[in-house]
Every structure is written in structure tokens, then in C-alpha cells.
Amino acid sequence: MNIAPLDPPARLLMGPGPISAYPSVLRAMSSPLIGQYDPFMTATMTETQELYRQVWATSNDATLLIDGTSRAGIEAAIVSLVKPGDRVLVPVFGRFGHLLAEIAERALAEVHTIEVEWGQVVPVSAIEEAIVRVKPHLLALVQGDTSTTMNQPLDEVGELCAKHGVLFYTDATASLGGNEFDADAWGIDAATAGLQKCLGGPSGSAPITLSDRAVEVIRSRKRIEAGIREEGDESSPDFIRSNYFDLGMILDYWGPRRLNHHTEATSMLYAARECARVMLTEGRSAVIDRHRVAGAAMLAGVEGLGLTVFGDVAHKMNNVVAVEIPEGLPGDEARGALLEDFGIEIGTSFGPLHGRVWRIGTMGANARKDTVLTTLAALEAVLRRYGVSVPAGGGVEAAADVFAASSVREAM
Ligand SMILES: *Cc1c(COP(=O)(O)O)cnc(C)c1O
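- As recorded in an unreviewed UniProt entry, the protein chain goes by Alanine--glyoxylate aminotransferase family protein and comes from Microbacterium paludicola.
- The record in UniProt for the protein chain states the following under Sequence similarities (unreviewed entry): "Belongs to the class-V pyridoxal-phosphate-dependent aminotransferase family."
- Listed in UniProt under the heading Cofactor (unreviewed entry), the comment for the protein chain reads: "pyridoxal 5'-phosphate".

See the structure below:
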């Protein structure tokens with residue numbers, strides 16, 4: 001049998017995630033495996049926790065990784081913080097708000113949602129009104145929703161939650177690393193992310209951080225540990241209804257007791273550590289600035305091509321832009337041509353935006369001048385081939401102007 005070794009095509013991933021990883025992240029992932037209690041392993045876990053405290057801007061002791069994609073982090077947070085019957089409030093402004101609501105429903109919470117039209121963020125006053133009306137145990141709010149590109153302001157929400165005694169969880173998967181995020185200053189009790197957006201890694205590890213208050217709630221659930229079960233029958237709502245996502249057990253594994261739970265995904269730990277190392281070496285705010293400039297350049301570029309940007313641009317995430325597909329143009333076919341002829345991937349859309357917009361990302365390793373200009377040049381060529389009349393060089397020129405006017409250096 002002669003089976004060729006795996007040889008994926010070279011792609012420039014300029015969609016809403018996953019993105020092309022930093023080369024050093026891929027190298028870190030090919031490092032040798034070690035045992036889960038090897039002193040190097042436990043030291044690397046501890047060091048990775050410290051790095052992610054800086055990434056999240058928190059002093060939370062409970063800062064760690066959940067093994068699995070971003071939704072593993074979401075699910076761990078929700079099933080561990082929410083008991084059956086607890087009220088959960090989910091403001092929905094895109095697809096991922098619906099996901100939080102669904103996961104909370106599966107956790108048998110009493111879920112209340114408020115919704116705004118896609119392309120908008122939720123006014124803080126509407127969140128407060130709903131908190132007062134619903135009196136939730138937990139507010140679950142997405143920060144950056146890639147489905148609409150919106151970046152929900154969080155800075156005043158933590159204070160609201162504290163005032164009303166509500167736990168505050170946010171899904172920062174799409175935004176962390178490319179937009180401001182201040183876990184402690186914003187009063188966030190629980191936040192989760194993934195690597196495959198602005199952090200510049202592959203999917204498969206979900207950084208999470210938990211405030212002391214969140215840890216207390218988790219610790220108040222009944223514990224099952226090494227075959228010993230606390231008093232109470234298994235129908236008690238106090239038991240966390242998942243083993244894999246039981247944050248109490250996961251905290252004990254990452255904590256000083258190192259109680260065995262799962263086997264930490266070693267190669268993903270290496271990847272997560274390297275993503276944080278890259279970010280902190282370049283500088284946290286420098287990386288956010290780099291995303292801001294690359295995103296502004298991409299926005300100017302698509303407008304320079306005569307395309308219309310979707311949504312409330314004032315609240316757009318730095319790292320992704322949605323553009324309306326020109327009337328009459330077969331969007332998926334043109335996207336396919338971009339992939340096939342140029343090796344560049346951009347994103348399609350979901351729900352009400354399906355067939356209406358493409359989503360173009362500038363994240364992690366690809367929040368860079370050359371990738372932005374290459375994408376715009378290729379997009380122009382594809383648009384022309386489909387008979388769309390576009391200003392010659394209008395995209396590249398407008399984007400290059402943004403880079404020229406910025407003082408941000410690409411230090412990566
Ligand atoms: C991309 C994204 C996710 C992705 O979840 P995965 O399980 O890693 O696929 C989750 N939440 C938000 C807000 C996202 O943008």
C-alpha cells in the first residue's frame with residue numbers, strides 16, 4: 001500500500017476563522033510529547049496559566065485551558081455555573097448568542113433572550129432593563145460575534161451585573177487578542193475563547209478565566225471526586241451534569257492538587273502557550289493595534305473596490321468585515337474562484353445573512369499588510385471576471401494608504 005503523506009494545499013485563510021496559524025505555533029505543536037505529571041508538563045501548564053492571565057488582563061487564579069474547541073469552553077462555563085432551573089439571560093445579536101441560549105437550555109436553565117437586528121449591538125440600557133425584569137442568575141453575552149462582525153461593548157456591563165447580583169459570562173472567542181478585553185477592569189466573572197481567531201492558532205483549545213465569585217459558585221455544586229460522591233442523590237440539581245466539563249474537577253487538575261481528570265492535550269497546550277507567547281512578546285496592545293490597522297485597511301480596501309460594508313461599522317470588531325455581495329453575482333462561486341485560483345479563503349455567512357454577505361478576516365498572523373493587499377488584489381480580479389465593474393487598483397490603493405498613515409509596526 002502506498003499512501004501519500006498528508007500534504008494540505010497552501011492556503012491564505014482570510015475568513016472569519018479558522019485562520020492561518022503563526023508558524024511558530026505549528027512548530028511548537030510538533031514538540032516531543034511528555035507524560036502528564038512530568039515536571040516539565042506541570043511547569044508548562046502553570047506557566048501557560050500565567051501567560052493567559054496577561055492575555056485576559058486578569059489576576060484570576062482560575063485561568064486555564066479547556067481541551068476542545070471554543071464551544072467546549074462555553075459549555076464548561078455554562079454547565080458548571082448554571083443549575084437546572086436557574087434563570088439565564090442571553091442578549092442575542094447574532095448566531096453565537098443563539099448558541100449560548102441553546103447550551104443554557106440543554107443545561108435545563110430557564111433561558112430568557114432579548115434580541116436586536118443582525119448588524120447592531122445591544123444597548124446597555126436594554127441589558128439593564130432585562131436584568132431588572134428577569135433577575136437572572138447568569139448573564140451570558142457574546143463579545144465579538146463573527147456572524148455579524150459586531151463587537152458588543154462590555155465595559156459597563158460588569159458593573160450592572162455586580163449591582164444586581166448577577167454572574168457575568170462572556171464568549172470572547174472571536175475578539176480576544178484583536179480587540180480590547182479587560183477581564184478584571186470590566187468585572188467579568190467568566191470568559192472563554194479559542195485559539196483559531198485573533199490568537200493565531202488552530203482550533204482545539206479553549207482558554208477560560210473565572211473570577212473568585214465564579215469559582216465559589218462552582219465549588220458550591222456537589223462534588224464527585226475519585227469515586228467518592230458527596231451526600232445527595234444523583235437527581236440533585238447540585239451535581240454538574242457533565243464529567244468532561246465539570247469545572248470543579250478541571251480546576252483540581254490544574255490546581256496544586258493535580259487530581260487526575262482528563263489527560264491534558266499536550267500538543268494543544270504547546271499551541272496555546274505559543275499563541276500567548278507570540279502575543280505577549282510583540283506586546284498585548286501592539287497586537288491589538290496591528291489588528292485595528294489591518295482591519296481598517298481591509299475596510300477601506302473593500303470600500304475602495306466599491307463594495308458596501310454590512311452593519312454598524314462603529315461597533316465592528318477590528319478583525320472581520322462583512323461586505324455585501326454585489327447584486328446578481330453568484331457569491332459562493334466567486335468565493336470558490338478566489339480559493340481555487342488564488343488559494344485565498346474568505347467566509348460565507350449564516351442565517352439571515354446567508355448569500356447576502358462575505359466575511360473577510362484579518363486575524364492573528366494574517367493581520368498584516370501583505371495579506372490584506374494580496375486579498376484585495378485577488379478579490380478585484382475575481383470581481384472583474386464576474387463582470388462587476390470595479391475601480392482599477394482601488395482596493396489595494398485605499399488599503400495601502402491606511403497602512404502608510406499608521407505608525408503601527410509589524411513586529412511579528
Ligand atoms: C468562531 C466562534 C466560536 C467557535 O466555536 P468553535 O467551537 O471553536 O468552533 C464560538 N464563539 C464565537 C463568538 C465565535 O466567533
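1. Considerations on the environment of Thr374
Move 1: You can see Thr374 is positioned in helix 12 (residues 369-385).
Move 2: With a relative accessible area of 41%, Thr374 lands in the partly exposed category.
Move 3: Residues Thr374 and Leu12 lie 362 residues apart in sequence; the distance between their C-alpha atoms is 9.6 Å.

2. Focus: helix 6 (residues 157-164)
Move 1: Among the residues of helix 6, Val157, Gly158, Leu160 and Cys161 are the ones counted as buried. All buried residues of helix 6 lie within an arc of 160 degrees about the axis, which places them on one face of the element. Of the exposed residues in helix 6, those oriented more than 90 degrees away from the buried face are Glu159, Ala162 and Lys163.
Move 2: Buried residues along helix 6 sit against helix 5 (124-134), strand 5 (138-142) and strand 8 (167-171).

3. Points about the nonpolar core
If you look at soluble globular proteins, the nonpolar side chains tend to sit buried side by side.
Move 1: Residues Tyr52, Ile66, Phe181 and Leu210 are the most contacted members of the largest nonpolar core, which totals 89 residues.
Move 2: When residues in this core are grouped by element, the largest group, eight residues, is from helix 9 (residues 266-282).
Move 3: Ignoring sequence-local partners within four residues, the contact set of Tyr52 consists of Thr63, Leu65, Leu195, Leu199, Pro207, Ala272, Cys275 and Ala276.
Move 4: Leu299, Trp358, Leu379 and Val390 belong to the second-largest nonpolar core, a separate cluster that totals 34 residues.

4. Structural notes on the site of the ligand
Move 1: Around the ligand, the surrounding shell consists of Thr69, Ser70, Arg71, Phe96, Val142, Gly144, Thr146, Asp171, Thr173, Ala174, Gln196 and Lys197.
Move 2: Within the contact set of the ligand, an oxygen atom lies 3.0 Å away from a backbone nitrogen or oxygen of Arg71.
Move 3: Here the ligand, which alone exposes 390 Å², has 89% of that area covered by the protein.
Move 4: For the shell around the ligand, a count of residues per class yields three nonpolar, six polar and three charged.

5. Brief notes about the domain arrangement of the protein chain
Note on interface size: it is often stated as the accessible area lost on association of the parts.
Move 1: Looking at the protein chain, the domain boundaries give domain 1 (23-279) and domain 2 (283-405).
Move 2: Distance between the C-alpha centres of domain 1 and domain 2: 30 Å.
Move 3: Across the contact, 29 residues belong to domain 1 and 22 residues belong to domain 2.
Move 4: Across the domain 1/domain 2 interface, buried area totals approximately 2100 Å², and carbon plus sulfur atoms make up 62% of it.

Conventions adopted
- Throughout, a residue's number is its position along its own chain's written sequence, starting from 1.
- Whole-chain, interface and lining totals are the exception, using all residues; otherwise, since this is a predicted model, local features are given only for residues with pLDDT of at least 70 and side-chain atom pairs are given and counted only at 80 or more.
- No hydrogens and no water enter the side-chain calculation; it runs on all heavy atoms of the structure.
- UniProt positions are given in the numbering used here, feature names are shortened, and annotations may be inferred rather than shown by experiment.
- Helix and strand definitions here come from DSSP, where helices need a minimum of 4 consecutive H or I residues and strands a minimum of 2 consecutive E residues; each element is numbered from the N-terminal end.
- Each residue is placed in one exposure class: buried if its accessible area under a 1.4 Å probe, protein chains only, is under 20% of its type's maximum, exposed if it is over 50%, and partly exposed if it falls in between.
- The arc in question is the one traced by the directions running from the helix axis out to the C-beta atoms.
- Any two residues whose heavy atoms approach within 4.5 Å at even a single point are treated as in contact.
- Think of a nonpolar core as a cluster: buried Ala, Val, Leu, Ile, Met, Phe, Trp, Tyr and Cys residues, connected wherever their side-chain atoms sit within 4.5 Å.
- Consider each residue's heavy atoms; a residue with any of them within 4 Å of a molecule or strand counts as near.
- Identification of polar contacts relies on pairs of N or O atoms within 3.5 Å, with a donor-acceptor requirement for protein atoms, meaning one able to donate a hydrogen and the other able to accept it, and with residues adjacent in sequence counted only if both atoms are side-chain atoms.
- Every accessible area reported is derived by Shrake-Rupley at a probe size of 1.4 Å, with residue values counting cover from the shown protein chains alone.
- Only Asp, Glu, Lys and Arg are considered charged in this grouping, and only Ala, Val, Leu, Ile, Met, Phe, Trp, Tyr, Cys and Pro are considered nonpolar; every other residue, Gly among them, is considered polar.
- Boundaries between domains were set according to an automatic or database domain assignment.
- Defined in terms of a 1.4 Å probe, buried area is the accessible area two parts forfeit on being brought together, summed over both.

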